[in-house]
Amino acid sequence: MLRTRVCDLLGIEVPIVQAGMASEFTNAELVAAVSEAGGLGVLGCLGRPPSETEAEIRRIRELTDRPFGVNLVAHRIYERTFEACLAARPPVFTFFRGEPEQMAAVVARAHEAGATVIYQVTTVAEAEAALAAGADALIAQGAEAGGHAGPVPLLSILPAVVALAGEHPVLAAGGIVDGPSLAAALCLGASGAWMGTRFLATPESRALPAHKRAIVAAGPGDTVPSGVWDALWDTDWPGVLVRAIRNPLLERWLGREDEIPAARAEIEAGVERAQREDDPAEIDLLAGVGAGRITSIEPAGQLVREIAADAERVLREWGQRVE
Ligand SMILES: Cc1cc2nc3c(=O)[nH]c(=O)nc-3n(C[C@H](O)[C@H](O)[C@H](O)COP(=O)(O)O)c2cc1C
């Protein structure tokens, strides 16, 4: 059995955590399936109204009595949704982004609610701030990650964050989709993996069917980080870009982000049509580089078990090859 320090900290069996992804991608069914299989499922609460947040957390508890987490983005926190999370007392809070004062404030409030706190960071400076804020564990996110991702590749950021974190466990994020990539992250000092894209391509995830199909169809090199999606959504995420699968909308606007505000209404109408018609050409196909290695839609619980078993097998096999 693959067990690491993070398993003890979170009360889970295998070191696989499903990344908290915004409300349109995660739901109670996905979270519970991952937790029930021995990993940690995390409900993304960015953009989730308070009443829906309460209902989804209630539903998670109906589906599993295992630990689970919630995710919030500190510089874009919606106070009433945060309050709904705090009142529900989930065992784990995970956070992303924010200035040092915001980081300290959200970590303190989650700790007061009795939760373990994991902070996702993209740079060494952010890791220092998250540790100073009192985070119990960190996620070192590499530039390979899907959605909003930082500038530093995982092979560089992970060992640097591990060195800084000392006794605090570090999860690796960005491009991890299978047993071998989990094993590689463990070799670099990670205590486990925080995986988003792999769990989008599951029957349980709330991603649109066209999004799931695009992940399965993507090859290596088919994702690109850009400012296109934030320009379209009119959202400000300093220091990070959005990694997504290339599609006609992205190809049209790459390098022309400045022109998007003037065309926003027209582009949005196209996106809404595409969402209704499940057309991958004009929707935000957020995904990490690991999409190029995903070839099928698989149940989330099965993925947790298979990835843990494959990572264990890979580590044992390599151990035997060393003389
Ligand atoms: C569709 C999507 C939505 C995301 N939304 C969030 C979010 O709301 N909060 C957050 O902390 N990270 C979010 N992320 C980033 C993940 O936390 C994580 O860093 C990333 O999925 C890891 O890389 P991978 O997708 O290659 O596994 C999102 C990622 C994706 C793919």
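All values reported here derive from a predicted model rather than from experimental measurement.

Asks: Could you give an account of the site of the ligand, with specific residues and numbers?
Replies: Close contacts around the ligand come from 23 residues, with Asn-71, Gln-120, Gly-175, Gly-196 and Thr-197 the closest. For the ligand, an oxygen atom lies 3.2 Å from a polar atom in the backbone of Ala-22. Look at the ligand: alone it shows 590 Å² of surface, and the protein chains cover 98% of it. Among the secondary structure elements, those contributing two or more residues to the shell around the ligand are β3 (68-73), β9 (192-195) and α9 (197-200). Tallied by class, the residues present in the shell around the ligand amount to 12 nonpolar, 11 polar and no charged.

Asks: Tell me about the packing of helix α6 (residues 124-132) against helix α7 (residues 154-165), and name the residues and values.
Replies: Running from N to C, α6 and α7 point in directions that differ by 30°, and their axes come no closer than 10 Å. Between α6 and α7, the crossing angle belongs to the class labelled roughly parallel. Considering only the axes of α6 and α7, their crossing is right-handed. In this structure, α6 contributes Val-124, Ala-127, Glu-128 and Leu-131 to the contact, and α7 contributes Ile-157, Ala-160, Val-161, Leu-164 and Ala-165.

Asks: Just give me the short version of the sheet that holds strand β7 (residues 147-149), but keep the residues and values in it.
Replies: The strand order β7-β11-β10 describes an open sheet built from three strands, whose pairing is antiparallel. The two strands at the open ends of the sheet, each matched to only one other strand, are β7 and β10 (223-226). Between one strand and the next, the sheet's axes are offset by a mean angle of 35°, whatever the strand orientation. In this sheet, strand β11 (residues 241-245) lies alongside β10 in antiparallel orientation, the contact comprising four bridges.

Asks: Lay out the nonpolar core with the relevant residues and their values.
Replies: In this structure, Phe-93, Phe-95, Tyr-119, Leu-138, Leu-182 and Phe-199 are the most contacted members of the largest nonpolar core, which totals 61 residues. With near-sequence residues (within four places) excluded, Phe-199 lies in contact with Ile-16, Gln-18, Leu-30, Val-34, Ser-205, Ala-300, Leu-303 and Val-304. With 53 residues, the next largest nonpolar core counts Ala-19, Ile-118, Ala-173 and Ala-201 among its residues.

Asks: Tell me about the pattern of salt bridges, and name the residues and values.
Replies: Scanning all chains against the criterion turns up 19 salt bridges. Across the pair Glu-62 and Arg-59 runs a salt bridge whose closest N-O atoms are separated by 3.3 Å. In this pair, Glu-62 and Arg-59 both sit in helix α3 (residues 50-63), three residues apart, roughly one turn of the helix. Among the residues examined, Arg-59 registers a relative accessible area of 33% and is labelled partly exposed. Residue Glu-126 pairs with Arg-97 through a salt bridge whose shortest N-O separation is 3.0 Å. With Glu-126 in helix α6 and Arg-97 in the loop between β4 (92-96) and α5 (100-112), this pair connects stretches of sequence that are 29 residues apart. Both residues of the pair, Glu-126 and Arg-97, count as buried.

Asks: Any details on the pairing of strand β5 (residues 116-121)? Residues and values, ideally.
Replies: The buried fraction of β5 is high, at six of six residues. With burial as the criterion, each face of β5 is covered, one bearing Thr-116, Ile-118 and Gln-120 and the other bearing Val-117, Tyr-119 and Val-121. As judged from the five bridges shared by β4 and β5, these two strands associate in the parallel manner. Across the sheet, Phe-95 pairs through a bridge with Tyr-119, a residue of β5.

Conventions adopted
- Residues numbered from 1 in each chain as written.
- Predicted model: local features only at pLDDT ≥ 70, side-chain atom pairs only at ≥ 80, totals over all residues.
- Heavy atoms only, no water.
- Near = heavy atom within 4 Å.
- Polar contact = N/O pair within 3.5 Å; in protein donor to acceptor, adjacent residues only side chain to side chain.
- Areas by Shrake-Rupley, 256 points an atom, 1.4 Å probe, with all protein chains shown as cover.
- Helix = DSSP H or I, 4+ residues; strand = E, 2+ residues; numbered from the N terminus.
- Nonpolar A, V, L, I, M, F, W, Y, C, P; charged D, E, K, R; others polar.
- Axes fitted to C-alpha atoms, helices over the stretch in contact; angles between N-to-C directions.
- Parallel < 35°, antiparallel > 145°, perpendicular 65-115°, else oblique.
- Left-handed = near helix turned anticlockwise from the far one by under 90°.
- Contact = heavy atoms within 4.5 Å.
- Pairing = 2+ DSSP bridges.
- Core = buried A, V, L, I, M, F, W, Y, C linked by side-chain atoms within 4.5 Å.
- Buried < 20%, exposed > 50% of the residue type's maximum accessible area, 1.4 Å probe, protein only.
- Salt bridge = Lys/Arg side-chain N within 4 Å of Asp/Glu carboxyl O.

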